[in-house]
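Structural description and commentary
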Amino acid sequence: VVPDFVREVLNPGEIWACTTCRACVQVCPVMIEHIDMIVDVRRGYVAASKIPDTVKTALRKMGDTGNPWGLPQDDRIAWAEGLDVPFAAEKKEFEYLYWVGCAGAYDPRNQKVTRAVVSLLDRAGVSYATLGLEEMCCGESARRMGEEGLFQLGMVEMVKEVFAGYKVKKVITQCPHCFNTFRNEYPQFGVNVEVVHHSVLLRDLIAQGKLSPRKANNVALAFHDSCYLGRHNDIYDAPREALAAIPGLAINEMGKNREEGFCCGAGGGGMWMESPGKRINHLRFGQAMATGANTVGSTCPYCLIMFDDAIKYNNLDDSVQAKDIAELVAESL
């Protein structure tokens, strides 16, 4: 008789509950990379068509429309309406490609962040262009949810072709998930670009005197470390240094911060899935409020969506805000 534990150590619910936040890797004394194994198991589930309905829907949208929101490609530049945005097809020479990402392009809340980033790049005189309608999903969510074929054949190949066409060498992203994918995963497929997250670029532009936050922004800010910027890529200081340049802004650190930060719940495909029990973003929002802050600051579109949801859930729209670092810097200029 085969004992039960040999058959199944983890059940599907546990496999799909993982947000790939890397906290387990952080505390593991023998440095086991749990995420790779969990995503591998998900690949097996995808191959066997044993996936939750919410995952199925997200993957179908990505396959059909090229983005997890399932919105038409023509809407990808809706955020740019009324702005003089340089597109790569028209501007042949540029130093940076500004990769907007699906959230920055399609999510109404994050479109405001995209517009803020563009205003800052313009003000600092950065030489950049965006892909406009030629941009597509980098495939991060597809890969985390175990749909490796869609990631490699559908998305990596298309991005590779476009990057080669414009001889892209440097990329700016506002999404830590896109950042991580370009920095740590695309090189496996022959796509090697220098990728900078907008929080790092803003810190550098402020240090160089190209952006000078002068207007006092009197907020008490609970700053949230995005898992994919922090634990996955060890970027903790840059966003804090950029925020520290804003007069009047006080950073209220949460008990769980930096390497020990607490996930917002959206990573690893969590953005598209429903999990049972108390929602992770509501728990994290509670930790932010415990600092006495009236604003939650983030550097990730998914985190921003999650905090906005928690603010609405708690009926605090009038007294608490969730802001991206780019918005806070832009407001202070």
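Scroll up to find the structure this text is about.
Every value quoted in this text rests on a predicted model; they were computed, and no experiment measured them. (Residues numbered from 1 in each chain as written. Predicted model: local features only at pLDDT ≥ 70, side-chain atom pairs only at ≥ 80, totals over all residues. Heavy atoms only, no water.)

Some words on the overall build of the chain
Under the convention used in this document: Going along the chain from the N terminus, every DSSP run of H or I of four or more residues is numbered as a helix, and every run of E of two or more is numbered as a strand. To get the radius of gyration, use the C-alpha atoms; to get the globule rule, take the number of residues to the power 0.38 and multiply by 2.2 Å. A 1.4 Å probe rolled over the protein chains alone gives each residue an accessible area, and that area as a share of the maximum for its type sets the label: buried under 20%, exposed over 50%, partly exposed in between. Whether two residues are in contact is decided by their heavy atoms, any of which lying within 4.5 Å being enough.
Along the backbone of the chain there are 15 helices and eight strands. Taken over the C-alpha trace, the chain has a radius of gyration of 20 Å; the compact-globule value for 333 residues is 20 Å, and the two agree within 12%. Along the first, second and third principal axes, the C-alpha atoms of the chain reach 70 × 50 × 40 Å. Across the 333 residues of the chain, 55% fall into the buried class. Sequence-distant contacts, at least 24 apart, represent 80% of the contacts inside the chain between residues at least 6 apart.

Looking at the pairing of strand β5 (residues 220–223)
Rules: When DSSP finds at least two bridges between two strands, those strands are taken to pair. A clockwise path from the first strand over the helix to the second, with the strands pointing away from the viewer, defines a right-handed crossover.
The side-chain alternation of β5 yields two buried faces, one formed by Ala220 and Ala222 and the other by Leu221 and Phe223. With three bridges connecting them, β5 and strand β6 (residues 250–252) associate as parallel partners. Paired with alanine 220 across the two strands is alanine 250, which belongs to β6. Crossover connection from β5 via helix α12 (residues 237–244) to parallel β6: handedness right-handed. As paired strands, β5 and strand β7 (residues 295–298) are joined by three bridges and run parallel to one another. Directly across from alanine 222, in β7, lies its bridge partner valine 296.

Brief notes about the sheet that holds strand β8 (residues 321–324)
Sheets are built from strands paired through backbone hydrogen bonds, the pairs being either parallel or antiparallel. Operational definition: Between N-to-C directions, angles span 0 to 180 degrees; the directions come from axes that are lines fitted to C-alpha atoms, helices contributing only their stretch in contact.
Strand order in the open sheet made by the four strands is β6-β5-β7-β8, with parallel pairing throughout. Each edge of the open sheet carries a strand with a single partner, namely β6 and β8. Ignoring strand direction, the axes of neighbouring strands in this sheet form an average angle of 35°. Here β7 pairs with β8 via four bridges, running parallel.

As for the packing of helix α7 (residues 108–124) against helix α14 (residues 301–313)
For clarity, the threshold we go by: Should an angle fall under 35 degrees it is called roughly parallel, over 145 degrees roughly antiparallel, and 65 to 115 degrees roughly perpendicular, with every other angle called oblique. Should the near helix be turned anticlockwise from the far one by less than a right angle, the crossing is termed left-handed; should it be turned clockwise, right-handed. Amino acids outside the nonpolar list (Ala, Val, Leu, Ile, Met, Phe, Trp, Tyr, Cys, Pro) and the charged list (Asp, Glu, Lys, Arg) are all regarded as polar, and Gly is one of them.
Across the interface, α7 lies against α14 with an axial gap of 10 Å and an inter-helix angle of 130°. By the criterion of interaxial angle, the relationship of α7 to α14 is oblique. For the crossing formed where α7 meets α14, the hand is right-handed. For the pair formed by α7 and α14, the contact residues are Arg109, Asn110 and Val113 on the first element and Pro301, Leu304, Ile305 and Asp308 on the second. Looking at the contact of α7 with α14 residue by residue, the class counts come to four nonpolar, one polar and two charged.

Some remarks on the packing of aromatic side chains
Quick reminder of the rule: Between 30 and 60 degrees the pair is tilted, below 30 it is stacked and above 60 it is edge-to-face, where a pair is any two Phe, Tyr or Trp rings, Trp via its six-membered ring, whose centres lie within 6.5 Å. Lysine and arginine charges are scored as sitting over a ring when NZ or CZ, respectively, is within 6 Å of the ring centre and within 35 degrees of the ring normal.
Following the criterion strictly, the structure yields 10 aromatic pairs and no others. Relative to tryptophan 272, the ring of tryptophan 69 has its centre 4.9 Å away and its plane inclined at 85°; by these criteria the two rings are edge-to-face. Residue tryptophan 69 is found in the loop between α5 (53–65) and β1 (96–99), and its partner tryptophan 272 is found in the loop between β6 and α13 (280–289); the two are separated by 203 residues along the sequence. Take tryptophan 69 and tryptophan 272: they sit in the same class, and that class is buried. Aromatic side chains phenylalanine 182 and tyrosine 186 sit 4.9 Å apart centroid to centroid with 75° between the ring planes, which places their arrangement in the edge-to-face category. You can call phenylalanine 182 buried: its relative accessible area is 1%. In this structure an aromatic cluster arises from ring pairing among Trp99, Phe151, Phe163, Phe182, Tyr186 and Phe189. Lysine 91 extends its terminal NZ or CZ atom over the ring of tyrosine 128, reaching a point 5.9 Å from the ring centre. Between lysine 170 and the ring centre of tyrosine 96, over which it is positioned, the NZ or CZ distance is 5.3 Å.

Focus on the pairing of strand β3 (residues 170–173)
Relative to β3, β1 runs parallel, the two sharing four bridges. Counterpart to tyrosine 96 in the pairing with β3 is lysine 170. Handedness of the crossover joining β3 and strand β4 (residues 194–197) through helix α10 (residues 176–185) is recorded here as right-handed.

Brief notes about helix α4 (residues 34–47)
This is how it is decided: Take the number of residues in a helix, subtract one, and multiply by 1.5 Å to get its expected span. Arc definition: directions from the helix axis to the C-beta atoms.
Along its 14 residues, α4 runs 20 Å from first to last C-alpha, staying within 8% of the 20 Å computed at 1.5 Å per residue. All of the buried residues in α4 are Ile35, Ile38, Val39, Arg42, Tyr45 and Val46. Buried residues along α4 cover an arc of 105° about the axis, so they all sit on one side. At its buried positions, α4 is contacted by α2 (12–17) and α8 (140–144). Downstream of α4 by a residue or two, serine 49 has a phi angle that is positive, lying close to 55°.

As far as function goes, none of this settles anything; it's purely spatial.
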